Amino acid sequence: MIIIYDSKTTNFNNNGLGAIDDICTKCEIVQELNGDYCLDIEVVKDEREKYKKLQGLNIVKVDGQLFRIPILINLQGNEIRIRTTAKHIFYDLLNDYNVDVRADNKTVLQALQTCLAVNPKYTVTTCDDLGLNTAYFISANPVKDIFSKVLSRWGGELYRDNYNIAIKTRLGADRGDLISYGKNIQGFEQTLDWSKLATKIIPKGKDGCNIELVNGGLNYLISPRVNDYPFTITKEVEFNEIEDATELKNAALALWGKIDLPIANYKVNFVELSKTEEY
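Residues numbered from 1 in each chain as written. Predicted model: local features only at pLDDT ≥ 70, side-chain atom pairs only at ≥ 80, totals over all residues. Heavy atoms only, no water.

*Asks:* I would appreciate a short explanation of the overall build of the protein in the present structure.
*Replies:* Counting secondary structure elements, the protein contains three helices and 19 strands. Scored against the burial criterion, the 279 residues of the protein give a buried share of 44%. On the protein, roughly 14700 Å² of surface is accessible, and the fraction owed to carbon and sulfur atoms is 48%. (Helix = DSSP H or I, 4+ residues; strand = E, 2+ residues; numbered from the N terminus. Buried < 20%, exposed > 50% of the residue type's maximum accessible area, 1.4 Å probe, protein only. Areas by Shrake-Rupley, 256 points an atom, 1.4 Å probe, with all protein chains shown as cover.)

What follows is the structure, encoded as structure tokens:
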């Protein structure tokens, strides 16, 4: 069953906004070993307008796994096709930020617990014994820390089961699940891209310049739209030419209304009128 949930849902033991199996024309889970984990999904317009539930930041549950929708819409005339590649709920951790936490001479389980402490939604389950090692998680999101530091130093294979994370000695081969029956539509296409969205930014100026001096000791700014989204999305933003803290803060504040909104792109497929008989 393919079920849609509102973006702020925390209990997934129900049918949420409803099932969409009957309007789904493609549903493909791709899980790479120590790599990407995503869902390619496509639905078409229905009279009950269930298709409208597949919108940015809502959650899709397929085969018991949760995926966050980042991109939408493909539209043509009286027929609508919505396509998206949704990321596994694990990638919500891209929106968190470890300032400076350290795992000194720890097991891989302890390292994961240290790395993921920034977001209490996630639980580290039983990990295999991969020995002791050390990693410092500084100025990066937990996803980057896990791939670039935990896996590279302790080794093993990443286990992701919704909000449960672990590292095992071996999980097995790459896994791909496919439910697919195609339908091709062309026409007007609108895409909303949420990948560059931020509601909490840490401005970085030239030679270590930051906004702590003019922001009450804080090095970040919060968007007035922060409550529009199901979680805070934290990103560093570089202003390499700015050396003054006040100027840096003003430049960062000017990003609200841009960086805290999704990016819209449009593409139109059309018939060249000069080649038609009527022209």
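*Asks:* Mind showing me how you'd approach the environment of Leu39 here?
*Replies:* On the secondary structure map, Leu39 appears in strand β4 (residues 37–44). Between the C-alpha atoms of Leu39 and Ala86, which are 47 residues apart in sequence, the distance is 5.0 Å. Once residues within four sequence positions are removed from consideration, Leu39 is found in contact with Cys27, Glu28, Ile29, Val60, Val62, Phe67, Thr84, Thr85 and Ala86. (Contact = heavy atoms within 4.5 Å.)

*Asks:* Would you mind going over the nonpolar core with me for this structure?
*Replies:* One broad rule of soluble globular proteins: the nonpolar side chains tend to lie buried together. Core analysis: the largest hydrophobic core is formed by 50 residues, its most contacted members being Leu39, Leu54 and Val60. Grouped together as the second largest cluster of nonpolar side chains are 13 residues, Ile211, Leu221, Leu248 and Trp256 included. (Core = buried A, V, L, I, M, F, W, Y, C linked by side-chain atoms within 4.5 Å.)

*Asks:* Just to check I follow, could you spell out the side chain of Glu42 for this structure?
*Replies:* If you trace the backbone, Glu42 turns up in strand β4. For Glu42, a relative accessible area of 8% puts it in the buried group. Of the polar contacts made by the side chain of Glu42, one reaches the side chain of Thr25; its length is 2.7 Å. (Polar contact = N/O pair within 3.5 Å; in protein donor to acceptor, adjacent residues only side chain to side chain.)

*Asks:* Help me understand helix α1 (residues 108–116), please; the structure alone is not making it clear to me.
*Replies:* Helical geometry note: an α-helix holds 3.6 residues per turn, so side chains three or four residues apart project in the same direction. Restricting attention to buried positions, one finds in α1 the residues Val108, Ala111, Leu112, Cys115 and Leu116. What you see down the axis of α1 is that its buried residues fit within an arc of 120°, all on one side. Tucked inside the fold, the buried residues of α1 contact β9 (98–106), β10 (123–124), β11 (133–140), α2 (142–154) and β13 (164–168). (Arc of directions from axis to C-beta.)

*Asks:* Explain the pattern of salt bridges to me, please; I cannot follow it from the model alone.
*Replies:* Any two side chains of opposite charge can pair if their charged atoms end up close together. Applying the stated criterion to the full structure yields seven salt bridges. Across the pair Asp22 and Lys50 runs a salt bridge, and its minimum N-O distance is 2.8 Å. Of this pair, Asp22 sits in the loop between β2 (18–19) and β3 (24–31) while Lys50 sits in the loop between β4 and β5 (59–62), and the two are 28 residues apart along the sequence. On the basis of relative accessibility, which here comes to 11%, the residue Lys50 falls in the buried class. (Salt bridge = Lys/Arg side-chain N within 4 Å of Asp/Glu carboxyl O.)

*Asks:* What am I meant to see in the packing of aromatic side chains here?
*Replies:* Each pair of aromatic rings is reported with the distance of its centres and the angle of its planes. Per the counting criterion, the structure on display carries five aromatic pairs. Here a set of aromatic residues connected by ring pairs shows up, and it is made of Phe90, Tyr91 and Phe147. A cation sits over an aromatic face here: Lys87 above Tyr91, 5.2 Å from the ring centre. (Phe/Tyr/Trp six-rings, centres within 6.5 Å; stacked < 30°, edge-to-face > 60°. Lys NZ or Arg CZ within 6 Å of the ring centre and 35° of its normal.)

*Asks:* Just to check I follow, could you spell out the confidence of the model for the protein for this structure?
*Replies:* Caution applies to low-pLDDT parts of the model: their predicted coordinates are not meant to be read in detail. In this model, the protein carries a mean pLDDT of 84, and residues with pLDDT of at least 70 account for 82%. Contacts for the low-pLDDT stretch residues 178–191, under 50 throughout, to residues beyond four places or in other chains number 52 contacts. Low confidence marks residues 266–279, where pLDDT is under 50. Its contacts with residues over four positions away, or in another chain, come to 13 contacts. (pLDDT = per-residue confidence, 0-100.)

*Asks:* Explain the pairing of β4 here, please?
*Replies:* Within a regular strand, the side chains alternate between the two sheet faces. Among the eight residues of β4, eight are classified as buried, and the element is accordingly described as predominantly covered. Residue alternation in β4 divides its side chains into two sets, Tyr37, Leu39, Ile41 and Val43 and Cys38, Asp40, Glu42 and Val44, and both sets are buried. Bridge analysis of β3 against β4 gives seven bridges, and the strand direction is antiparallel. Bridge assignment links Glu28 to a residue of β4, and that residue is Asp40. Turn length for the β3-β4 hairpin, with the two strands adjacent in sequence and antiparallel, is five residues, and the turn residue Asn34 shows positive phi of about 55°. (Pairing = 2+ DSSP bridges.)

*Asks:* What's the story with the packing of α1 against α2 in this structure? I'm lost.
*Replies:* Helices that pack against each other are described as a pair by the angle of their axes relative to one another and the distance between those axes. Viewed as axis vectors pointing N to C, α1 and α2 meet at an angle of 165°, and their least axial separation amounts to 10 Å. Considering their axes alone, α1 and α2 lie roughly antiparallel with respect to each other. Crossing of α1 against α2: the hand is right-handed. Of the residues in α2, those in contact with Val108, Ala111, Leu112, Cys115 and Leu116 of α1 are Pro142, Asp145, Ile146, Val150 and Trp154. Looking at the contact of α1 with α2 residue by residue, the classes come out as nine nonpolar, no polar and one charged. (Axes fitted to C-alpha atoms, helices over the stretch in contact; angles between N-to-C directions. Parallel < 35°, antiparallel > 145°, perpendicular 65-115°, else oblique. Left-handed = near helix turned anticlockwise from the far one by under 90°. Nonpolar A, V, L, I, M, F, W, Y, C, P; charged D, E, K, R; others polar.)

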